Amino acid sequence: LKRPIERSPWMINHDSIVIVKKLGEGAFGEVFLAEFESGKGRKIEVAVKTMRSEATRDARLKFMKEARLMRKYSHKHVVKILGVAVHEHPLMLTMEVCHNGALLSYLRKNAGKIDLREKLRFCVEASDGLAYLEKKQCIHRDIAARNCLLSSKMELKISDFGMSDDRSIIHDDTLNKVPVKWLAPETLTDKIYSLKSDVWAFGVLIWEIYSDGSEPYKGMSNVQARAKVVSQGYRMPSPAGAPKEIGDLLHQKIWVKNPAERIDMTKCQKKLHEMWEKTK
Ligand code: ADP
């Protein structure tokens, strides 16, 4: 006779997940909308990130690491993870659904139509999620508009963290495996990631929000952008139409070469909230 296996509520069965439709494509597999049936017959909508069965052991470990990391966090502006199904293939990670998809797609689709107040709200909400992660000492390492999701109520949620373990080492001369245009000078030169290099990337995210999702350092290759930022102290100009306070925040506080002199996330959050209060 088979004895029932004790499983923590965090571990879920594949049987309790019913796929509804595809939402997107991840690096290791597809992302689906699904129904999750909890113990008491209650059904809830979830997003399911899957991992292809042919994935390498390394990729599988990273998948589990993302799940373990995300489980520790609970914040309105950080995507919540609900559980993992790892007893069968494909491996699945369930999380809250963000019906309005990636921020980057939204910015591009609605270019020219998003008002300044909504852009500032995106910045404020991203800073709320990131200041929370800073307090938890979580280095995200891949902050960018492509890694922010929007809920059905258009709330911004920080997503996609814990996947970037190997990015602490740049091992590619052409620098095309890492998000070079989001990296701080000290990451580009000394491969140092920290809470402060996340702040630098947050600056690039702000820039993306006010530029309707344009590509940073447009017209420059990764190698060129890296050289200009590191050797010439080049900084992107403030996006056209962005308030002066945003430009000042980027140039005087965020894109500061020395990470020790760079503003932290909690102070960024405070500044953005002050700007927000003034719009009321
Ligand atoms: P990976 O990091 O593995 O490449 P992402 O997390 O970027 O994968 O997910 C790929 C795409 O799937 C996203 O761009 C988005 O469109 C969709 N997606 C991911 N997570 C969710 C979610 N929680 N809710 C809704 N859509 C999601």
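Predicted model, so just to flag it, every value in this text is computed and none were measured.

A.B. asks: Which residues make up the overall build of the protein, and what values go with them?
C.D. replies: Scanning the protein from terminus to terminus reveals 8 helices and 7 strands. Its C-alpha radius of gyration of 20 Å places the protein within 12% of the 19 Å reference for a compact globule of 280 residues. Projected onto the principal axes, the alpha-carbon positions of the protein cover approximately 70 × 45 × 30 Å. Within the protein, the fraction of its 280 residues that count as buried is 39%. The long-range fraction of contacts in the protein, counting pairs at least 24 apart against all pairs at least 6 apart in sequence, stands at 66%.

A.B. asks: Residue-level account of the site of the ligand, with values.
C.D. replies: In the region of the ligand, 19 residues are neighbours, and Gly24, Gly26, Ala27, Val31 and Ala47 sit closest. Taken together, the residues that form the shell around the ligand break down as 12 nonpolar, 4 polar and 3 charged.

A.B. asks: Lay out the sheet that holds strand β2 (residues 30–37) in plain terms, naming residues and giving numbers.
C.D. replies: A sheet is described by the order of its strands in space; here 5 strands give the open sequence β1-β2-β3-β5-β4, paired in antiparallel fashion. The sheet is open, and its two edges are formed by β1 (17–25) and β4 (81–85), each paired on a single side. Strand after strand, the sheet turns through a mean of 30° between neighbouring axes, direction not considered.

A.B. asks: Go over unusual backbone geometry with me, naming the residues and quoting the values.
C.D. replies: A cis amide bond links His89 with the next residue in sequence, Pro90, at an omega value of -5°. Position of Pro90 among the secondary structure elements: in the loop between β4 and β5 (91–95). In this model, Arg141 sits at a positive phi of 75°, which is unusual for a non-glycine residue. Its place among the elements puts Arg141 in the loop between α3 (116–135) and β6 (148–150). Here Met154, not a glycine, exhibits a phi torsion of approximately 65°, which is positive.

A.B. asks: Now, about the nonpolar core: what can you tell me, with residues and values included?
C.D. replies: Looking at soluble globular proteins, one finds that nonpolar side chains tend to be buried together. Residues Leu103, Ala126, Phe202, Leu205 and Ile206 are the most contacted members of the largest nonpolar core, which totals 71 residues. For this core, the element with the highest residue contribution is helix α5 (residues 195–210), accounting for 10 residues. Excluding residues that lie within four positions of it along the chain, Leu103 makes contacts with Phe122, Ala145, Cys148, Leu149, Leu150 and Leu156.

A.B. asks: Please give an account of the environment of Lys253 that cites residues and values.
C.D. replies: Tracing the backbone shows Lys253 in helix α7 (residues 244–254). Judged by local crowding, Lys253 falls into the partly exposed class, with 17 C-beta atoms found within 10 Å. For Lys253 and Ile263, which are 10 residues apart along the polypeptide, the C-alpha to C-alpha distance reads 5.4 Å.

A.B. asks: For the UniProt feature "binding site: ATP" (unreviewed entry) in the protein, give the residues involved together with the corresponding values.
C.D. replies: UniProt's feature table lists "binding site: ATP" (unreviewed entry) at Lys49, given in the numbering used throughout. Mapping Lys49 onto the fold places it in strand β3 (residues 43–51). Not counting residues within four places of it along the chain, the set of residues in contact with Lys49 comprises Gly26, Gly29, Val31, Leu93 and Met95.

A.B. asks: Go over α3 with me, naming the residues and quoting the values.
C.D. replies: Taking 1.5 Å per residue as the helical rise, α3 with its 20 residues ought to reach 28 Å, and the 28 Å between its terminal C-alpha atoms agrees with that figure. With 14 of its 20 residues buried, α3 lies for the most part within the structure. Looking one or two residues beyond α3, the residue adopting positive phi is Gln137, at roughly 60°.

A.B. asks: Requested: an account of the confidence of the model for the protein, with residues and values cited.
C.D. replies: Per-residue pLDDT for the protein has a mean of 90; in total, 91% of the residues score no lower than 70. The low-confidence segment residues 163–173, where pLDDT is below 50, has 15 contacts with residues more than four positions distant or belonging to other chains. Scoring of the predicted complex yields 0.92 for pTM and 0.96 for ipTM.

A.B. asks: Go over the packing of α5 against α7, please, and point to the residues and values.
C.D. replies: Taken N-terminus to C-terminus, the directions of α5 and α7 make an angle of 160°; their axes are 11 Å apart at the nearest point. Of the possible angle classes, the one that applies to α5 and α7 is roughly antiparallel. Judged by the sense of rotation from one axis to the other, the crossing of α5 with α7 is left-handed. Residues Val199, Trp200, Phe202, Gly203, Ile206, Trp207 and Tyr210 of α5 lie in contact with α7, whose contacting residues are Ile246, Leu250 and Ile254. Residue composition of the contact of α5 with α7, grouped by class: 9 nonpolar, 1 polar and no charged.

A.B. asks: Describe helix α8 (residues 265–278), and please don't skip the residues or the numbers.
C.D. replies: Over its 14 residues, α8 extends 20 Å from the first C-alpha to the last, a length consistent with the 20 Å expected when each residue adds 1.5 Å. The set of residues buried in α8 consists of Met265, Cys268, Gln269 and Leu272. The buried residues of α8 occupy an angular sector of 100° when the element is viewed end-on, so they sit on one face. Summarising the geometry of α8, the exposed residues directed more than 90 degrees from the buried face are Glu274, Glu277 and Lys278. Of the surrounding elements, those touching the buried residues of α8 are α3 and α5.

The rules behind these values
Residues numbered from 1 in each chain as written. Predicted model: local features only at pLDDT ≥ 70, side-chain atom pairs only at ≥ 80, totals over all residues. Helix = DSSP H or I, 4+ residues; strand = E, 2+ residues; numbered from the N terminus. Rg over C-alpha atoms; globule rule 2.2 N^0.38 Å. Buried ≥ 20, exposed ≤ 12 C-beta atoms within 10 Å, placed from the backbone. Contact = placed C-beta atoms within 7 Å. Near = placed C-beta within 6 Å. Nonpolar A, V, L, I, M, F, W, Y, C, P; charged D, E, K, R; others polar. Pairing = 2+ DSSP bridges. Axes fitted to C-alpha atoms, helices over the stretch in contact; angles between N-to-C directions. Core = buried A, V, L, I, M, F, W, Y, C linked by C-beta atoms within 7 Å. UniProt positions renumbered as here; feature names shortened; annotations may be inferred. Expected span 1.5 Å × (residues − 1). pLDDT = per-residue confidence, 0-100. Parallel < 35°, antiparallel > 145°, perpendicular 65-115°, else oblique. Left-handed = near helix turned anticlockwise from the far one by under 90°. Arc of directions from axis to C-beta.

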